[in-house]
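# Topology and contacts: notes
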Amino acid sequence: MQIVVNLDVMMAKRKMSLNELSEKVDLTLANLSILKTGKAKAIRFSTLEAICKALDCQPGDILEYR
Amino acid sequence: MKTKTQRILVILHIMAWIIFAGLCIQTGAMLTSFVVSLYNPGFANKMYMSLNLSGLQQYDSNAYSVIAGFMIGICAVKTFIAYLTIKIFSTINLSNPFSAEVAALVERISVVAFVAGLFAIVAASYSDWLSKNGITIPYNWSAGELLMFAGVIFVIAQVFKRGIELQSENDLTI
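Values in this document were obtained by computation on a predicted structure and should not be read as measured data.

## Details of the overall build of chain B
Secondary structure summary: chain B contains five helices and zero strands in total. Its C-alpha atoms give chain B principal-axis dimensions of about 70 × 30 × 25 Å. For chain B, the proportion of its 174 residues judged to be buried stands at 35%. Contacts in chain B between residues at least 24 apart in sequence constitute 70% of all its contacts with a sequence separation of at least 6. Of the roughly 10,000 Å² of accessible surface on chain B, a fraction of 67% belongs to carbon and sulfur atoms. Computed over 10 positive and 8 negative side-chain charges, the separation of the two mean positions in chain B equals 10 Å.

## Section: helix H1 (residues 4–39) of chain B
Residue and element names in this part refer to chain B. When the terminal C-alpha atoms of H1 are compared, their 53 Å separation across 36 residues agrees well with the 52 Å that a helix rising 1.5 Å per residue should span. Among all positions in H1, only Ala16, Phe20, Leu23, Thr27, Met30, Ser33, Phe34 and Ser37 are buried. On its buried face, H1 sits against helix H2 (54–59) and helix H3 (61–91).

## A few points about the packing of aromatic side chains
One pair of aromatic rings is described through two measures. These are the centre distance and the angle between the planes. Residues and elements named next belong to chain B. Per the counting criterion, the structure on display carries seven aromatic pairs over all chains. Ring centres of phenylalanine 80 and tyrosine 83 lie 6.1 Å apart, and the angle between their planes is 25°; this geometry places the pair in the stacked category. Highlighted residues: phenylalanine 80 and tyrosine 83, both in helix H3, separated by three residues, approximately one helical turn. A relative accessible area of 30% places phenylalanine 80 in the partly exposed class. The partly exposed category is assigned to tyrosine 83, whose relative accessible area is 35%.

## With respect to the pattern of salt bridges
Pairs can form between side chains of opposite charge once their charged atoms are near each other. Within this structure, the stated rule accounts for three salt bridges over all chains. Ionic pairing is found between glutamate 64 of chain A and arginine 66 of chain A, a salt bridge with its closest N-O pair at 3.5 Å. Take glutamate 64 of chain A: its relative accessible area is 31%, and that puts it in the partly exposed class. Where lysine 161 of chain B meets glutamate 107 of chain B, a salt bridge forms, and the shortest distance between an N and an O atom there is 3.0 Å. Placement of lysine 161 of chain B in helix H5 (residues 143–171) and of glutamate 107 of chain B in helix H4 (residues 100–132) is noted, with a sequence separation of 54 residues between them.

## With respect to the environment of leucine 51 of chain B
Inspection of the secondary structure puts leucine 51 of chain B in the loop between H1 and H2. Through-space distance from the C-alpha of leucine 51 of chain B to that of tyrosine 139 of chain B is 7.8 Å; in sequence the pair is 88 residues apart.

## Details of the packing of helix H2 (residues 18–25) of chain A against helix H3 (residues 29–36) of chain A
Packed helix pairs are specified by the crossing angle of their axes together with the interaxial distance, meaning the distance between the axes. Residues and elements named next belong to chain A. Orientation of H2 relative to H3, taken along the N-to-C sense of each, is 110°, at an axis distance of 10 Å. The angle between H2 and H3 falls in the class roughly perpendicular. The element H2 and its partner H3 pack so that their crossing is right-handed. Where H2 approaches H3, its residues Leu18, Asn19, Leu21 and Ser22 are matched on the opposing element by Leu29, Leu32 and Lys36. Across the contact of H2 with H3, the residue classes break down as four nonpolar, two polar and one charged.

Reading guide: rules and limits
- Residues numbered from 1 in each chain as written.
- Chains lettered and ligands numbered in written order.
- Predicted model: local features only at pLDDT ≥ 70, side-chain atom pairs only at ≥ 80, totals over all residues.
- Heavy atoms only, no water.
- Helix = DSSP H or I, 4+ residues; strand = E, 2+ residues; numbered from the N terminus.
- Buried < 20%, exposed > 50% of the residue type's maximum accessible area, 1.4 Å probe, protein only.
- Contact = heavy atoms within 4.5 Å.
- Areas by Shrake-Rupley, 256 points an atom, 1.4 Å probe, with all protein chains shown as cover.
- Lys, Arg positive; Asp, Glu negative; His and termini not counted.
- Charge placed at Lys NZ, Arg CZ, Asp CG, Glu CD.
- Expected span 1.5 Å × (residues − 1).
- Phe/Tyr/Trp six-rings, centres within 6.5 Å; stacked < 30°, edge-to-face > 60°.
- Salt bridge = Lys/Arg side-chain N within 4 Å of Asp/Glu carboxyl O.
- Axes fitted to C-alpha atoms, helices over the stretch in contact; angles between N-to-C directions.
- Parallel < 35°, antiparallel > 145°, perpendicular 65-115°, else oblique.
- Left-handed = near helix turned anticlockwise from the far one by under 90°.
- Nonpolar A, V, L, I, M, F, W, Y, C, P; charged D, E, K, R; others polar.

Now the structure itself:
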């Protein structure tokens, strides 16, 4: 049981590249990559809010509990 | 501009080098005077820092060698602790101080100090047993201090490890 980050799925649905998302949410590619690969230990509400805004989705679309 | 802590660390680094050099000299002097006393028994009354072990040497040369070995061994271990302290200063990166390497060094210091404390306890017990036979050994083994030091450093090492965990969590917070 763990929290899974479905950022790549949402990015594919919105047809958005990592570079484009990185510019929109003002995060470095390295940090976005950490988040995408599930290596991140925590995510700030401000980051989650920016990602949801950029991808036009809900936090539940990005984070999933399995 | 350097902060107060950074200035203190620079001073401590210099002090660690001075202590290391002093302990190296002490260990070397003890070892040399012991080796000389083996060939020249009269030298046992004027060992390093006016330590007089001539009574012990006349009583039993094996016991003399054991006690001198403990003294040299404990002194060498203290020198090794000073060396590890210098190594911490050369390893530590003040902009990102909580590293696994530094934590391992701090923990190693506590283990080495604990071993030195155990050696000192054995040496002090042996020394007490010899004093019951009328042989006084004018040397402070400071076993309790070494064990206390080891315990405190071990606690600090564990806190340091927790610091590393927190730093890595912080680095992986997006």
